[in-house]
Amino acid sequence: MIGLIDCNNFYASCERVFNPKLEGKPIGILSNNDGCVIARSNELKPLVPMGMPAFQIPTHIRKQITLLSSNYELYGDMSQRVFDTVRNYTADIEPYSIDEAFIQLNGFNDITTHCQKLRAIVKRDTGIPVSIGIASTRTLAKLANHIAKKQTIHQGVYCLPTNEKGQRKILQAFTIDEIWGVGRRIAEKLQTLLGIYTAWDLRQANLKQIRQQFSVVLERTVLELRGIACIELDDLSTPKKNIMTSRSFGCLTGELFDLQEAIRIHASRGAEKLRNQKSVANAVLVFLKTNRFRKDLIQYHPSIVVPLTFATDDSRLIIQAAQKGLQTIYKKGCLFMKAGVMLLDLKAKNSNSQYDLFTSKSSQKNDKLMQTIDSINQKMGKNTIQLGGIRQQAPWQIKRERLSQRYTTRWDELPLVK
Ligand SMILES: [Mg+2]
């Protein structure tokens, strides 16, 4: 079984740990330069919409709420503490955003009780309240987490029933746009083309039809709704809130140079995805992971959040921030298995961006440069233009020793007849 552990109103909760007076009060966290609201406590939700510029909040509302600048260093460190705590009580943990992680929950007689304990321990040791959704696949665990968070009778932990009858009622209550990875555009198309409205409808959909009219990715979502795990974290498509790019190395490495190269690739791939979905990010999270199966080696799973001076989609600024983060968490003598980059607190590009007000000329120029790089890479193939050059045979690159010849696309790899 898989669990999705999600911190409740994470940024607001971090602030409350050190300022308990804020408990039960409406609080909002502002983007860099105190531009607009990027996180809200439950109490603030009915008062202020997400993304609202601070100066537009009416005075009578401002008087009853607390607005805080984003303290990414604090949030990054609290995130690390939560995940370190969880790591002690689970076989494996895969962070998926600054406040969410998937955990392996195999081998427990009573998973719900175990997770209730875990939840209490996290609260005791870090001060952060979390919710845990449990199911057989990541997509279902995400839905279970919704229930854990919204329905208070479950006390923060909800395990989805495994039988079809039990699941039916629950999946019928979710609209398709609430399903992980199903964006608004896909949801609309599903409704108009196939009359699919709820998670249960999608679960029942014809696989072939979904593959042909939509994509292999959506077909996998259908399978996941049926309880067949087939979505890997690394190949997630268009998430709305954060973008993650990571990959395991072909072999363990402790060289800073290798890590820098890997981080540069992940950061620029993330930035490309960001531009593709027309968003900008407010901060960059960098993480490293050692191999948890190698008990003979030093275990070290650091992460850090580096705020961007302004919300941006510029590869160069994102790479720069990521490298700065890497420099801080890198420790000599550890052998790493995985490195990754997450782009945090995304918002639609050009929505009240202060940056545009002040530096519109250079920003237009930068946009053009990025668009040119993207279009060349789309036309001429991935990585035709790269920032900072990447070795073809870097030791950390995915192992490809068992790769067969590329018979049909390379002249020098054509099959030999004789
Ligand atoms: Mg959360």
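In case you missed it, the structure is sitting above this.
Residues numbered from 1 in each chain as written. Predicted model: local features only at pLDDT ≥ 70, side-chain atom pairs only at ≥ 80, totals over all residues. Heavy atoms only, no water.

1. Observations regarding the sheet that holds strand 8 (residues 157-159)
We count it as follows: Between any two strands, pairing holds if DSSP finds at least two bridges. Each helix is a run of H or I in the DSSP string that is no shorter than four residues. Each strand is a run of E no shorter than two, and both are numbered from the N terminus. Axes, fitted as lines to C-alpha atoms, cover a helix only where it is in contact. Angles between the N-to-C directions of the axes lie from 0 to 180 degrees.
Strand order in the open sheet made by the five strands is 5-6-1-7-8, with mixed pairing throughout. Among the strands making up the open sheet, the edge pair consists of strand 5 (93-97) and strand 8. Across the sheet, the mean angle from the axis of one strand to that of its neighbour is 20°, orientation sign disregarded. Here three bridges tie strand 7 (residues 130-135) to strand 8, and the two strands are oriented parallel to one another. Bridge pairing links Gly133 to Tyr158 in strand 8.

2. Let's talk about the side chain of Arg275
Our working rule: Buried means the residue's accessible area, taken with a 1.4 Å probe over protein chains only, is under 20% of the maximum for its type, while exposed means over 50%, and partly exposed covers the values in between. Within 3.5 Å is the distance limit for a polar contact, defined as a pair of N or O atoms, with the added protein rule that one can donate a hydrogen and the other accept it, and that residues adjacent in sequence qualify only through two side-chain atoms.
For Arg275, the location among the structural elements is in helix 11 (residues 256-276). Note on Arg275: relative accessible area 12%, which makes it buried. Only 2.9 Å separates the side chain of Arg275 from the backbone oxygen of Asp313, close enough to count as a polar contact. Polar side-chain contacts of Arg275 include one of 2.6 Å to the side chain of Asp374.

3. A word on the nonpolar core
Our working rule: In plain words, nonpolar cores are sets of buried Ala, Val, Leu, Ile, Met, Phe, Trp, Tyr and Cys residues tied together by side-chain atoms within 4.5 Å.
Counting 70 residues, the largest nonpolar core has Phe10, Tyr11, Tyr75 and Leu202 as its most contacted members. Here this core takes seven residues from helix 3 (residues 72-87), the largest share from any one element.

4. Regarding the packing of helix 3 against helix 4 (residues 111-126)
The test is simple: Should an angle lie under 35 degrees it is considered roughly parallel, over 145 roughly antiparallel, and from 65 to 115 roughly perpendicular; all remaining angles are considered oblique. Left-handed is the label given to a crossing in which the near helix is rotated counterclockwise from the far helix by less than a right angle, and right-handed is the label when the rotation is clockwise. Contacts are assigned to residue pairs with any non-hydrogen atoms lying within 4.5 Å of each other.
Look at helix 3 against helix 4: their axes get within 10 Å of each other, and the N-to-C directions meet at 140°. The orientation of helix 3 with respect to helix 4, classified from their angle, is oblique. Viewed along their axes, helix 3 and helix 4 form a crossing whose handedness is right-handed. From helix 3, Met78, Arg81, Val82, Thr85 and Val86 reach across to helix 4, where they touch Leu118, Ile121, Val122, Asp125 and Thr126.

5. Quick word on the pattern of salt bridges
For clarity, the cut-off: Salt bridges are identified by distance alone: a Lys or Arg side-chain nitrogen within 4 Å of an Asp or Glu carboxyl oxygen.
By the definition in use, this model includes 14 salt bridges. Note that Arg292 and Asp92 form a salt bridge whose closest N and O atoms lie 3.1 Å from each other. With Arg292 in the loop between strand 10 (279-290) and strand 11 (303-312) and Asp92 in the loop between helix 3 and strand 5, this pair connects stretches of sequence that are 200 residues apart. Through salt bridges with shared partners, a single ionic network connects Asp313, Lys349 and Asp367.

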